Amino acid sequence: MTATTPAVHEDVSREGWMSRGLRLSRRKWTLRRLLVVSIVALVALVSFGISAASIVGLNSYLERRVDAQLISAAGRSSAGVGGPDFGFVASAEKYLSTPGLPVGTVAAIVEDDSIVKAGMIAREAGASSQVLTADQKEALLSVGIGDGAQTISLGSDLGTYRAVAFSGEFGDRVVLAISLSDVQATISQFRSVLILISVLGVLAAALASAFIVSLALRPLRRVAATATQVASLPLDRGEVSLMVRVPEEDTDPRTEVGQVGAAFNGMLGHVDAALRARQASENKVRQFVADASHELRTPLASIRGYAELTRRGGHDLPADVTHSMSRVESEAVRMTSLVEDLLLLARLDEGRELEKRPVDVTRLLVNCISDAYAAGPEHNWDLDAPEQSVSILGDEQRMHQVFANLLTNARVHTPEGTNVTVTLAVEGATAVITVADNGPGIAPAVQPVLFERFARADSSRSRIAGSTGLGLSIVRAVVEAHGGVVSVTSEPGATAFRLEFPAMLTP
Ligand SMILES: Nc1ncnc2c1ncn2[C@@H]1O[C@H](COP(=O)(O)OP(=O)(O)OP(=O)(O)O)[C@@H](O)[C@H]1O
Ligand SMILES: [Mg+2]
């Protein structure tokens, strides 16, 4: 058990290391760079392989040719066709006079394991004779009869040789060696040519692959641009039409990118249809709410009217009937306001245009605060506004409703004695209205959904106050219909609603 644990650890860590490496390289490398570098590396590898194989092949071919030359010279010399006989012991020149041997060829005659005579074909006739060093002699002596052709080194001055040994005419051993310097010169020239061709090939591959890859990826970039365009569309609400599509030429299913483009268009079509269906069903619900609210207004007005009539005219009615009628009347009033709120929200959802007239916000706030004071004299109401009145373009009745809702909240959801401060300011081209109180604050659980319909902190207090949870959703809908934004910050002792509207700048 314990013996296997380290191995498992090692595997896991190696895997982690590899995947981390892959992730890193994937993050850094674009597809274009990856393809170009891979192609260049592949071309470089193939060029290197071909060059190495060609050099080895040429080298062995040239060596075989030298060997053939050696063996033929050896055969002819031992057959006695070499040239003039120089006496009882043959001179080295006899073996060098075989026609066709190249300059630099060395012949050595060996007797009793020592070289007795040696010669070399000089570049120019009568050139000073070469004296063999001990190392060179040893190298020549190392070649035995029957060993075949061997490569030996005759020091830095003579270089590398192919040598063969055979029996001379007088029973002596003759070593004949042909220089490989020509072979080496040919190989080195060939290598230079190969290097040049490889470098040019790699450069050409880099340029061509960069060009071809960017050409091939261009449609992919267009698909990405379409995706980006779709991503920037506001799809979360309202009438949505998803008309953006990948261009026709990038949807050819015979190419990979075309398949991506076609699939993307298919997906966009599907999403478009789903969004339309969602919108249609939303419209139906909205229409239903609007129609129902509208239809409820008339019977509610009748109920209210009859209840009021009965209450006023029925002096001889029993007290409990009078009380019940007044309850019917007050509930009918509450229900009317709820129905009005629902109707307003349904109309704002439809995107129905609001009235657009200059509204003096300063005056409106003064009125709203005095109403609030009348309703809640136990709270401390305060307005902080600039000297010059501030106006915005909008619907005065709806704006009034927004401020009234916020001030009612500040009154209803806070205990008596709470300070409520309304601030009006102009920041650049924006009118900013803040309604702040030092009440207990809004429960953190409600804050994220505060502006949604029927959102309330589930306290008995709000139930008793008869709240519906529509007040703040109306605030947001009206503010947004005016091109403004609403936000809230709340903690115990500091709750602030901030409204921003485009201000009408007075010249
Ligand atoms: N100033 C505030 N202080 C504390 N809680 C608040 C404040 N304003 C709003 N809230 C909380 O936010 C909830 C939602 O407010 P909203 O005005 O939407 O509904 P409501 O006041 O409950 O009902 P409605 O306004 O429709 O009669 C309230 O129920 C209350 O819990
Ligand atoms: Mg409210």
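It should be noted that the structure appears before, not after, this text.
Right, let's walk through the structure included here. (Residues numbered from 1 in each chain as written. Chains lettered and ligands numbered in written order. Predicted model: local features only at pLDDT ≥ 70, side-chain atom pairs only at ≥ 80, totals over all residues. Heavy atoms only, no water.)

### Points about the packing of helix 10 (residues 396-412) against helix 12 (residues 471-481)
- Close contact between helix 10 and helix 12 brings their axes to 9 Å; oriented N to C, the two are set at 145°. Here helix 10 runs over helix 12; the crossing is left-handed. The residues of helix 12 that touch helix 10, namely those facing R398, Q401, V402, N405, L406 and N409, are G471, L472, I474, V475, V478 and V479.
- For the contact of helix 10 with helix 12, a count of residues per class yields seven nonpolar, four polar and one charged. (Axes fitted to C-alpha atoms, helices over the stretch in contact; angles between N-to-C directions. Helix = DSSP H or I, 4+ residues; strand = E, 2+ residues; numbered from the N terminus. Left-handed = near helix turned anticlockwise from the far one by under 90°. Contact = heavy atoms within 4.5 Å. Nonpolar A, V, L, I, M, F, W, Y, C, P; charged D, E, K, R; others polar.)

### Regarding the site of ligand 1
- In the vicinity of ligand 1 lie 17 residues, with N409, H413, T468, G469 and L472 positioned nearest.
- For ligand 1, an oxygen atom lies 2.8 Å from a polar atom in the side chain of N409.
- In this structure, a nitrogen atom belonging to ligand 1 sits 2.9 Å away from a side-chain N or O atom of D437.
- Mapped onto the shell around ligand 1, the elements with two or more residues apiece are helix 10 and helix 12.
- Grouping the amino acids of the shell around ligand 1 by side-chain chemistry returns eight nonpolar, seven polar and two charged. (Near = heavy atom within 4 Å. Polar contact = N/O pair within 3.5 Å; in protein donor to acceptor, adjacent residues only side chain to side chain.)

### Section: the environment of D341
- With respect to the helices and strands, the residue D341 is situated in helix 8 (residues 319-349).
- Under the relative-accessibility criterion, D341 is labelled buried at 16%.
- The contact partners of D341, leaving out residues within four places of it in the chain, are Q401, L470 and I474. (Buried < 20%, exposed > 50% of the residue type's maximum accessible area, 1.4 Å probe, protein only.)

### What about the packing of aromatic side chains?
- Scanning the model with the defined rule gives one aromatic pair in all.
- On the numbers, 6.3 Å between centres and 90° between planes, the contact of F451 with F497 is edge-to-face. Of this pair, F451 sits in the loop between strand 10 (430-437) and helix 11 (460-464) while F497 sits in strand 12 (residues 494-504), and the two are 46 residues apart along the sequence.
- Positioned above the aromatic ring of W29 is the side chain of R33, whose terminal nitrogen or guanidinium carbon lies 5.6 Å from the ring centre. (Phe/Tyr/Trp six-rings, centres within 6.5 Å; stacked < 30°, edge-to-face > 60°. Lys NZ or Arg CZ within 6 Å of the ring centre and 35° of its normal.)

### Looking at the packing of helix 7 (residues 256-313) against helix 8
- Two elements in contact, helix 7 and helix 8, have axes separated by 8 Å at closest approach and are oriented at 155°. Here helix 7 is positioned roughly antiparallel relative to helix 8, judged by the angle of their axes. For the pair helix 7 and helix 8, the sense of crossing is left-handed.
- Partitioned by chemical class, the residues of the contact of helix 7 with helix 8 number 15 nonpolar, six polar and nine charged. (Parallel < 35°, antiparallel > 145°, perpendicular 65-115°, else oblique.)

### Structural notes on helix 6 (residues 181-231)
- Along its 51 residues, helix 6 runs 71 Å from first to last C-alpha, staying within 8% of the 75 Å computed at 1.5 Å per residue.
- Of all bends in helix 6, the biggest is about 35°, found at R218, and the proline P219 comes one to four residues later. (Expected span 1.5 Å × (residues − 1). Bend = angle between axes of the 7 residues up to and from the residue.)

### Considering the pattern of salt bridges
- Taken as a whole, this structure holds 19 salt bridges when the rule is applied.
- Here E63 makes a salt bridge to R162, at a shortest N to O gap of 4.0 Å. Within this pair, whereas E63 is found in helix 2 (residues 31-78), its partner R162 is found in strand 4 (residues 160-167), the two being separated by 99 residues in sequence.
- For R162, a relative accessible area of 11% gives the class buried.
- Look at the salt bridges and you will find they share partners, linking R278, E282, R286, D349 and R453 into a network. (Salt bridge = Lys/Arg side-chain N within 4 Å of Asp/Glu carboxyl O.)

### Concerning a nonpolar patch on the surface
- On the surface, a cluster of nonpolar side chains totalling about 600 Å² of accessible area is made up of W29, L31, L34, L35, V37, I39, L220 and V260.
- Considering every element that reaches the nonpolar patch, the biggest residue donor is helix 2, with five residues.
- By secondary structure assignment, the location of L220 is in helix 6. (Patch = residues over 30% accessible without salt bridge, like charges linked within 9 Å, V, L, I, M, F, W, Y side chains within 5 Å. Areas by Shrake-Rupley, 256 points an atom, 1.4 Å probe, with all protein chains shown as cover.)

### A short note on unusual backbone geometry
- Although it is not a glycine, D112 adopts a positive phi angle of roughly 50°.
- Secondary-structure assignment places D112 in the loop between strand 1 (106-111) and strand 2 (114-120).
- The residue D113 is not glycine, and still its phi comes out positive at about 60°.
- Following the sequence through the fold, D113 ends up in the loop between strand 1 and strand 2.

### Observations concerning the sheet that holds strand 2
- Strand order in the open sheet formed by five strands is 2-1-5-4-3, and the pairing between neighbours is antiparallel. Every interior strand has two partners, whereas the edge strands, strand 2 and strand 3 (150-153), have only one. Neighbour-to-neighbour, the strand axes of this sheet turn through a mean angle of 30°, independent of strand direction.
- Inspection of the sheet shows strand 1 paired to strand 2 by six bridges, in the antiparallel sense. Bridge pairing in strand 2 places V110 opposite I115.
- In the packing of helix 4 (residues 134-141) onto the sheet, the strands contacted are strand 1, strand 2, strand 3 and strand 5 (173-179), and the crossing angle to strand 2 comes to about 100°. (Pairing = 2+ DSSP bridges.)

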